Amino acid sequence: MTKYQIAVIPGDGIGPEVTNGTRAVLEAVAKISGHEFQFTEWLAGGIAIDATGEPLPAATIAGCRKSDAVLLGAVGGPQWDNLPGDIRPERALLGLRGELGLYANIRPAVLHEALAGACPLHPQIAERGIDIVFVRELTGGIYFGERGRRDTQQGEEAYDTEAYSVTEVERIARTGFEMAMKRKRRLTSVDKANVLESSRLWRETMLRVAEEYPEVELDHLYVDNASMQLIKRPDEFDVVVTTNMFGDILSDEAAMITGSIGMLPSASLGAPGTPGMYEPIHGSAPDIAGQDKANPLAAILSAAMMLKFSLNLPSEAAMIENAVTKVLADGFRTGDIYQYSENETVQQLVGTRQMSELVIQALET
Ligand code: NAD
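Definitions and cut-offs
Residues numbered from 1 in each chain as written. Predicted model: local features only at pLDDT ≥ 70, side-chain atom pairs only at ≥ 80, totals over all residues. Heavy atoms only, no water. Helix = DSSP H or I, 4+ residues; strand = E, 2+ residues; numbered from the N terminus. Rg over C-alpha atoms; globule rule 2.2 N^0.38 Å. Buried < 20%, exposed > 50% of the residue type's maximum accessible area, 1.4 Å probe, protein only. Lys, Arg positive; Asp, Glu negative; His and termini not counted. Charge placed at Lys NZ, Arg CZ, Asp CG, Glu CD. 1 Å grid on protein atoms, 1.4 Å probe; cavity = no way out; pocket = protein on both sides within 12 Å on 5 of 7 lines; lining within 4 Å. Points joined across faces, edges and corners; volume = space filled by probe spheres on them. Nonpolar A, V, L, I, M, F, W, Y, C, P; charged D, E, K, R; others polar. Domains from an automatic or database assignment. Contact = heavy atoms within 4.5 Å. Buried area = accessible area lost by both parts, 1.4 Å probe. Salt bridge = Lys/Arg side-chain N within 4 Å of Asp/Glu carboxyl O. Near = heavy atom within 4 Å. Polar contact = N/O pair within 3.5 Å; in protein donor to acceptor, adjacent residues only side chain to side chain. Areas by Shrake-Rupley, 256 points an atom, 1.4 Å probe, with all protein chains shown as cover. Patch = residues over 30% accessible without salt bridge, like charges linked within 9 Å, V, L, I, M, F, W, Y side chains within 5 Å. Phe/Tyr/Trp six-rings, centres within 6.5 Å; stacked < 30°, edge-to-face > 60°. Lys NZ or Arg CZ within 6 Å of the ring centre and 35° of its normal.

1. What about the overall build of the protein chain?
Item 1. Looking only at helices and strands, the protein chain has 13 helices and 14 strands in total.
Item 2. Taking 365 residues into account, the globule formula puts the C-alpha radius of gyration at 21 Å, and the protein chain, at 21 Å, falls close to it.
Item 3. Its C-alpha atoms put the protein chain at 60 × 50 × 45 Å along the principal axes.
Item 4. For the protein chain, with 365 residues in total, the buried portion stands at 52%.
Item 5. A gap of 2 Å separates the mean positions of the 32 positive and 51 negative side-chain charges of the protein chain.

Next comes the structure, spelled out in structure tokens:
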């Protein structure tokens, strides 16, 4: 029996509801597989501001560093919207990424067969399936580059700077190639090398790292073309690697074409051997918080990613993914995915708790 330490940060809004369900699923997996997951809970976000005055207390950072992986619900809410920028709940996310050195954001965009009706694309495109993994650089580029305002002869001007070092591109390139090696061995690098110097360095570096991975077929797309191709032929993508800003935009586009925000997991990874952070891509959904309406599947699928990437338990991860597929195929839906579903399955509306329990029951069958 192996013991794993998991730091849980429930956060705000629906965060505690979806992480509770996820913990229950992980406990059930532990029983079946004979492993032990030891959970410790930590404060971050608005709830941490209320309790300690800061969004990311030092104890939370220390607790996460000591763990094998971090599972996060969501942070934020209207009651903290008017605080100054450096004590807003969202600072906790940036702080955790920085403190844990999480430079790679992994976002699968999968269209579940039972939810094909949720895809806003033409049915002929949707029926070919969508199964893409986005690898987004998370700690560099324009979101972290030099910025400011200055006076010019034309008046006030604001600027932000896109900058990437070879080292930053090399490490995200390797994450992309390694991911492609575990899948269909196709990697698409997205840049804007026809205009941006930083993109030209990005492309040169991708080509150089590609020499280490001769089995992977690498192609390059300009970001404007990539956004069109994702709509036209999403089935032809396998792994997409791109910069912080392009990844931010394209992964949301991909999220939209795969259906509900309540279904999409993510992982943020750093250097091998450091704890990764796993979270649903949705926010704290204050409009439905505390009403047992939230879809817990994005959080549950984030836990499956955690088992695969940080705990090296791929068959336990597959057990969760298969259970989710079964529950959806059996017609169970939370409100967010209810209206989209295909009519050949009889649908049954369920709440957050029941959806988590159904996944647990499906683990064992
Ligand atoms: P949101 O993702 O919280 O909600 C957008 C819409 O999707 C809402 O109608 C919500 O009810 C619905 N939704 C989201 N998750 C759902 C789920 N699991 N099941 C069913 N429906 C779901 O985005 P928002 O409204 O823009 O932001 C709300 C708060 O969350 C803000 O404070 C924002 O800053 C924060 N936020 C946090 C994160 C994070 O913690 N990673 C990410 C995005 C937004």
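2. With respect to empty space enclosed by the protein
Item 1. A complete count under the given rule lists one cavity of 30 Å³ or more for this structure.
Item 2. Surrounding the largest cavity, Arg107, Pro108, Ala109, Phe134, Ser251, Ala254, Ala255, Leu264 and Ile281 form its lining.
Item 3. Listing elements by their share of the lining of the largest cavity, those giving two or more residues are strand E4 (104-110) and helix H9 (244-257).
Item 4. Class assignment for the residues of the lining of the largest cavity results in seven nonpolar, one polar and one charged.

3. A few points about the domain arrangement of the protein chain
How big an interface is tends to be expressed through the accessible area that disappears when the partners come together.
Item 1. By the assigned domains, the protein chain splits into domain 1 (1-105 + 270-365) and domain 2 (120-257).
Item 2. Placing the centre of domain 1 and that of domain 2 at their C-alpha centroids yields a distance of 26 Å.
Item 3. Each partner contributes to the interface: domain 1 provides seven residues, whereas domain 2 provides eleven residues.
Item 4. Counting each side, the surface lost to burial between domain 1 and domain 2 is near 880 Å², with a carbon and sulfur contribution of 65%.
Item 5. Considering only the side of domain 1, the residues that lose the most area to domain 2 are Arg97, Tyr103 and Asn105, jointly responsible for 64% of the buried surface there.
Item 6. Seen at the junction of domain 1 and domain 2, the total is zero salt bridges.

4. Concerning the site of the ligand
Item 1. In the vicinity of the ligand lie 20 residues, with Glu90, Gly283, Ala285, Asp287 and Asn295 positioned nearest.
Item 2. Taking histidine 282, its side chain carries an N or O atom lying 3.3 Å from a nitrogen atom of the ligand.
Item 3. Between the ligand and the protein, one listed contact pairs a nitrogen atom with a backbone N or O atom of asparagine 295 at 2.8 Å.
Item 4. Across the complex, the protein chains shield 68% of the 810 Å² of accessible surface that the ligand would expose by itself.
Item 5. Looking at the shell around the ligand residue by residue, the class counts come to nine nonpolar, seven polar and four charged.

5. Notes on a nonpolar patch on the surface
Item 1. Where nonpolar side chains cluster on the molecular surface, the patch consists of Leu94, Tyr143 and Phe144 and spans about 280 Å² of accessible area.
Item 2. By the element assignment, leucine 94 lies in helix H4 (residues 91-100).
Item 3. Given the relative accessible area of 39%, leucine 94 is considered partly exposed.

6. Some remarks on the layout of surface pockets
Item 1. By volume, the second largest pocket is sized at about 420 Å³.
Item 2. For the second largest pocket, the lining is made up of 21 residues, of which Leu93, Arg97, Arg107, Glu279 and Ile281 are closest to its centre.
Item 3. Contributions of two or more residues to the lining of the second largest pocket are made by strand E3 (69-74), H4, E4, H9, strand E11 (265-269) and strand E12 (276-280).
Item 4. Examining the composition of the lining of the second largest pocket, we find that three residues originate from one element, E3, more than from any other.

7. Quick notes on the packing of aromatic side chains
Item 1. Overall, the coordinates contain three aromatic pairs when judged by the stated rule.
Item 2. Both rings, one in tyrosine 4 and one in phenylalanine 37, keep their centres 5.9 Å apart while their planes meet at 45 degrees; by these two values the pair is tilted. Here tyrosine 4 is found in strand E1 (residues 3-11), whereas its partner phenylalanine 37 is found in strand E2 (residues 36-41), with 33 residues between them in sequence. Here tyrosine 4 matches phenylalanine 37 in class, with each residue buried.
Item 3. Relative to tryptophan 202, the ring of tyrosine 164 lies with its centre 5.5 Å away and its plane at 65 degrees, an arrangement referred to as edge-to-face. Within this pair, whereas tyrosine 164 is found in the loop between strand E7 (155-160) and helix H6 (166-181), its partner tryptophan 202 is found in helix H7 (residues 197-210), the two being separated by 38 residues in sequence.
Item 4. For tyrosine 164, a relative accessible area of 9% corresponds to the buried category.
Item 5. Above the ring of tyrosine 159, the side-chain terminus of arginine 150 is found at 4.0 Å from the ring centroid.
Item 6. In this structure, lysine 308 packs its charged tip against the face of phenylalanine 309, placed 5.9 Å from the ring centre.

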